Amino acid sequence: MSESIIAGITNFFMACPLLQDGVFRVNALGDQAIEYNIETGIFNPILKRYVNGDTLRQYQFNFVSREYYDMDRIQNIQNSEFYERFGEWVEEQESLGKFPELPEGCEPDSLSVLSSGYIMDISMRNARYQIQLQLIYYKEAKKHE
């Protein structure tokens, strides 16, 4: 069980076998390759409210990385291939029923890729890439005594 949604998501992706040695952050990305980051997004968390107070919720976020970049097509193909494989890994985990650990009272339903990996920012030394993801989960209403 995780203390929070973001902690569970971070731990889940830190275990991805595709990641290279590098710094892993939350809501912060440095300017040196190779770094990884989970960034929270702006979204309405509640998708559906049930009569008993339980809710179906979403947590949208970006998986971001700082990768080496230059005018060499081989390097840039490798960066794009990483995000292709990363998206496939996420889809495979979802199909196997493997999800981030969530806090008590929360049950994961699905984890999906909302966009392919793409470049957000480029310098001549490195580039920021990201892929958008969504976690859908059920949350039990707090019981009042």
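Chemist: Quick question: what am I supposed to make of the pattern of salt bridges here?
Modeler: Two side chains carrying opposite charge are able to pair once their charged atoms lie near each other. Within this structure, the stated rule accounts for 3 salt bridges. Between Arg 25 and Glu 35 there is a salt bridge, with its nearest N and O atoms 2.9 Å apart. A residue pair is termed long-range when its members are at least 10 positions apart, and Arg 25 in strand 1 (residues 23-26) and Glu 35 in strand 2 (residues 35-40) qualify at 10 residues. Here Arg 25 falls in the partly exposed class, since its relative accessible area comes to 32%. Judged by relative accessible area, Glu 35 falls into the buried class, the value being 7%. In this structure, Asp 121 engages Arg 66 in a salt bridge whose closest nitrogen and oxygen atoms are separated by 3.9 Å. With Asp 121 in strand 6 (residues 118-122) and Arg 66 in strand 4 (residues 55-68), this residue pair connects regions lying 55 residues apart in the sequence. A relative accessible area of 10% means that Arg 66 is categorised as buried.

Rules and cut-offs
Residues numbered from 1 in each chain as written. Predicted model: local features only at pLDDT ≥ 70, side-chain atom pairs only at ≥ 80, totals over all residues. Heavy atoms only, no water. Salt bridge = Lys/Arg side-chain N within 4 Å of Asp/Glu carboxyl O. Helix = DSSP H or I, 4+ residues; strand = E, 2+ residues; numbered from the N terminus. Buried < 20%, exposed > 50% of the residue type's maximum accessible area, 1.4 Å probe, protein only.

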